[in-house]
Amino acid sequence: MSTQTEQRAAATVNDPRWAAVVARDGAADGRFFYSVRTTGVYCRPSCAARPARPENVAFHDTAEAARAAGFRPCLRCKPDQLPAAVLQAARVAELCRYIETADAVPPLADLARRAGLSPYHLHRVFKAVTGVTPRAYATAHRARRLREALGRSGGTVTDAIYDAGFNSGGRYYETADGVLGMTATRYRAGGAGTAIRFAIGQCSLGAILVAQSERGICAILLGDDPDALAHDLQDRFPQARLIGGEADFEDWVARVVGFVEAPGLGLDLPLDVRGTAFQQRVWQALRDIPPGRTASYTEVAARIGAPTAVRAVAQACAANALAVAIPCHRVVRSDGALSGYRWGVERKRQLLALEQEAITP
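Residues numbered from 1 in each chain as written. Predicted model: local features only at pLDDT ≥ 70, side-chain atom pairs only at ≥ 80, totals over all residues. Heavy atoms only, no water.

Peer 1: Teacher, can you tell me more about the sheet that holds strand E3 (residues 57–60) here?
Peer 2: Consider a sheet: its strands pair through backbone hydrogen bonds, and that pairing is either parallel or antiparallel. Here we have four strands laid out as an open sheet, ordered E3-E1-E2-E4, and mixed in their pairing. Looking at the sheet topology across the chains shown, the edges are occupied by E3 and strand E4 (72–73). In the sheet, strand E2 (residues 41–43) pairs with E4 via two bridges, with the strands oriented parallel. Bridge assignment links Val-41 to a residue of E4, and that residue is Arg-72. (Pairing = 2+ DSSP bridges. Helix = DSSP H or I, 4+ residues; strand = E, 2+ residues; numbered from the N terminus.)

Peer 1: Sorry, what's going on with helix H16 (residues 345–359) here?
Peer 2: What sets the pattern is the α-helix's 3.6 residues per turn: residues three or four places apart point alike. Helix length check: H16 (15 residues) gives 21 Å between terminal C-alpha atoms against 21 Å at 1.5 Å per residue, within 8%. Of the positions making up H16, those classed as buried are Arg-347, Lys-348, Leu-351, Leu-352, Leu-354 and Glu-355. On an axial view of H16, the arc spanned by its buried residues comes to 160°, and they lie on one face. The inward-facing, buried residues of H16 abut strand E7 (217–223), helix H12 (247–261), helix H14 (297–303) and strand E10 (331–332). (Expected span 1.5 Å × (residues − 1). Buried < 20%, exposed > 50% of the residue type's maximum accessible area, 1.4 Å probe, protein only. Arc of directions from axis to C-beta. Contact = heavy atoms within 4.5 Å.)

Peer 1: Is there a simple way to think about empty space enclosed by the protein in this case?
Peer 2: One water molecule sets the probe size; rolling that probe over the atoms shows where empty space is left. Applying the stated rule across the entire model yields two cavities of 30 Å³ or more. Forming the boundary of the second largest cavity are Phe-259, Val-260, Pro-263, Val-324, His-329, Leu-351 and Glu-355. Contributing elements (two or more residues each) for the lining of the second largest cavity: H12 and H16. (1 Å grid on protein atoms, 1.4 Å probe; cavity = no way out; pocket = protein on both sides within 12 Å on 5 of 7 lines; lining within 4 Å. Points joined across faces, edges and corners; volume = space filled by probe spheres on them.)

Function cannot be read off these values alone, since they describe shape.
This is the structure we're talking about:
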């Protein structure tokens, strides 16, 4: 190999973009293109063609630049067309609008025909783009419409159920518990008739409120002001019957405080977890992260089978109302930095430090 060839190869290998080409990294598609001197074509980083020798590779910021240098588009990865991920996202977005306007949940076969894909492939693509299955997306959308309908004045609860896309009252009542966490009538009344027991204690993180519905622990809130925590709980269920000060329930608070201070004790509580299908999947993934360990938002998205839904994962973490029980404090940025904790970054830092101490021999 001549000195000039060696220099070209070294320049390519030392370029950070070469690693993306070797890994066939789809995330790098659109950021740059590379050309191969011996074949006269240019490709996307994710091209599945046989890897080129580094001395024959050149990088280009745009497809136009590659063509201007005299290279033609690869017939395999088609770099002159929109990336497959973009086309899939547009196709799934159109299906989402169709689901939202349909009177009933469209069958998977119907969606597959509209997308021009097999049902299996459509199911996989839809979940990769949105993080949930088509049916789960439809259920979450109907739940959102139901909450909006119940929040409007006028009309009956039955009207709201049908307006939300439940084609029968029976169909709604089969899923009511997961959709609202209570009956539609109680939801419209702001939780009227729902008894929620709560108590407020103190821990090294400040004030802590623990609340329990008939289904389980429905809130664990952290803060500096006990009164503010109580108002937060009241805002969630303005018409619920809040019961505080019961001695036996304060034992539950003691158990949560004990877990905060000594994570090695574990926390086995019945939880009343309310959220969309996607949020539920994220929260379960958080509970699978061992104490003392962390995962990035990107890693959590990959673990639930939705690698492109990083922003949605962050939003699900922010929506979590069960501090420590659903450990969103174990999720960090890709560079390891702490950010985005509902109850303050300093509390997140303290929780991780306590967990690290608990697992350190």
